[in-house]
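Descriptive structure summary
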Amino acid sequence: MDDSLAGRIALTGALHAPAGAARLLLGLHGLGGSMESSYLRQLAAVANAAGFAFLRLNLRGADRSGVDFYHAGLTCDLDAVLASPTVASFGSRAVVGFSLGGHMALRWAAERGAAAAHAVAAVVAVCSPLDLEMGARALDAPGSWLYRRYILPGMNEQVDAVERRAAQTGAPALVTVERERRLAARTIREWDGLVVAPRWGFASAEEYYERASVAPLLHRIEIPAWVVESESDPMVPPWTLVRALYGLSPSTELTWTSRGGHVGMPGNLDLGRDGTHGLGGQLLSWLGERMNG
């Protein structure tokens, strides 16, 4: 696809397609993750066993290719993937996003409204933030230092790759902050303000959160959507979601589970759906009812 600043870029992923599969699930990972994230691999295995094809997608730059780096509202990339001949060849498609990937899936569906039905049958968001401002507050709280210690290095690795590529190939400089400053950032808000905001034309981290958050747009979703949240999620705690949930559209279902944490769920999880227990089996049961074939 083409980007006005980065130029011609490629998005990468891994497609698992059983012979004769007519239904495709597109899986989106969370902040700091990639197509190699364990929850995507686990769902891909369950989906393949049930006859679904599964595409584990790297969000822009998550493969450390140096092409660029994503943000929570970068829905144009999802458009490009859904329009690709390989993905479009499947008779029915749906998007399953985890954490930030779920936010992106919901944002895409909200922006496109009824037109989303031309591309996908449904979207699912698992343990996803809905209000980016509230999500940043939770991740930047003193008690969440361990999660920041995991997330920030992965984000910096992606940006390191972008800087290396620019130095080696003469590609456009997409990062405007000195490396030492971004490596010294200790909060998600500070990092977003130094790196994400200037790259994507936001005046500050706060403006990024306001303009990219799906919360104000949730009422616009017209295709079937399922939001699955955990009452014990340490990274997306319930208090960050309450206000946004008032805006859910009539086509959006909400399920809370008292079991599991952030994207990690017990093998016998029951979300009230027919079929096998476990997160994968429950998601496939819901999706299978909404996808053709």
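Notes on the structure in this doc start here.

**Concerning the sheet that holds strand β5 (residues 53–57)**
Judged by pairing direction, the sheet is mixed, and its seven strands sit side by side in the order β3-β5-β4-β6-β7-β8-β9 without closing on themselves. The sheet terminates laterally at β3 (13–16) and β9 (252–257), the two strands that pair on one side only. Taking the axes of each pair of neighbouring strands and ignoring which way they run, one obtains an average angle of 15 degrees across the sheet. Where strand β4 (residues 23–28) and strand β6 (residues 92–98) come together, six bridges link them in parallel fashion. Bridging across to β6, glycine 27 finds its partner in valine 96. Against the sheet, helix α4 (residues 100–112) contacts β4, β6, β7 (122–126) and β8 (225–230), and its axis sits at roughly 135 degrees relative to β6. Where helix α11 (residues 279–288) meets the sheet, its contacts fall on β4, β6, β7, β8 and β9, and the angle it forms with β7 comes to roughly 155 degrees.

**Quick notes on the pattern of salt bridges**
For the coordinates displayed, the defined rule picks out 23 salt bridges. Of the charged contacts in the structure, one is a salt bridge between aspartate 131 and arginine 243, with a shortest N-O distance of 3.0 Å. Taken together, the residues aspartate 131 in the loop between β7 and α5 (132–139) and arginine 243 in helix α10 (residues 242–245) connect sequence positions 112 residues apart. The closest approach of N and O atoms between arginine 179 and aspartate 160, which form a salt bridge, is 2.8 Å. Of this pair, arginine 179 sits in helix α7 (residues 179–184) while aspartate 160 sits in helix α6 (residues 145–169), and the two are 19 residues apart along the sequence. Taken together, the salt bridges that share partners define one network made up of Asp3, Arg60, Asp68, Asp77 and Arg199.

**Focus: the nonpolar core**
Formed by 72 residues in total, the largest nonpolar core has its most connected members in Leu26, Leu106 and Trp108. Excluding residues within four positions of it along the chain, leucine 26 makes contact with Leu55, Leu57, Leu78, Val81, Leu82, Ala94, Val95 and Val96. Counting 28 residues, the second largest nonpolar core, distinct from the first, contains Ala44, Val126, Met265 and Leu287.

**Quick look at the environment of histidine 277**
Inspection of the secondary structure puts histidine 277 in the loop between β9 and α11. Other than its neighbours up to four places away in sequence, histidine 277 contacts Gly267, Asn268, Leu269, Asp270 and Gln282.

**Regarding the packing of α5 against helix α9 (residues 205–212)**
Think of two packed helices as two axes; the pair is described by the angle between the axes and how far apart they sit. Look at α5 against α9: their axes get within 8 Å of each other, and the N-to-C directions meet at 130 degrees. With respect to their mutual orientation, α5 and α9 come out oblique. Contacts from Leu132, Glu133 and Ala136 of α5 reach α9 at Glu206, Tyr208, Tyr209 and Ala212. Classifying every residue of the contact of α5 with α9 gives five nonpolar, no polar and two charged.

**Section: unusual backbone geometry**
The phi angle at serine 99 is positive, at roughly 55 degrees, despite the residue not being glycine. Here serine 99 lies in the loop between β6 and α4. Judged by relative accessible area, serine 99 falls into the buried class, the value being 11%. A positive phi angle is found at cysteine 127, which is not glycine, with a value near 55 degrees. You can see cysteine 127 is positioned in the loop between β7 and α5.

What counts and what doesn't
Residues numbered from 1 in each chain as written. Predicted model: local features only at pLDDT ≥ 70, side-chain atom pairs only at ≥ 80, totals over all residues. Heavy atoms only, no water. Pairing = 2+ DSSP bridges. Helix = DSSP H or I, 4+ residues; strand = E, 2+ residues; numbered from the N terminus. Axes fitted to C-alpha atoms, helices over the stretch in contact; angles between N-to-C directions. Contact = heavy atoms within 4.5 Å. Salt bridge = Lys/Arg side-chain N within 4 Å of Asp/Glu carboxyl O. Core = buried A, V, L, I, M, F, W, Y, C linked by side-chain atoms within 4.5 Å. Buried < 20%, exposed > 50% of the residue type's maximum accessible area, 1.4 Å probe, protein only. Parallel < 35°, antiparallel > 145°, perpendicular 65-115°, else oblique. Nonpolar A, V, L, I, M, F, W, Y, C, P; charged D, E, K, R; others polar.

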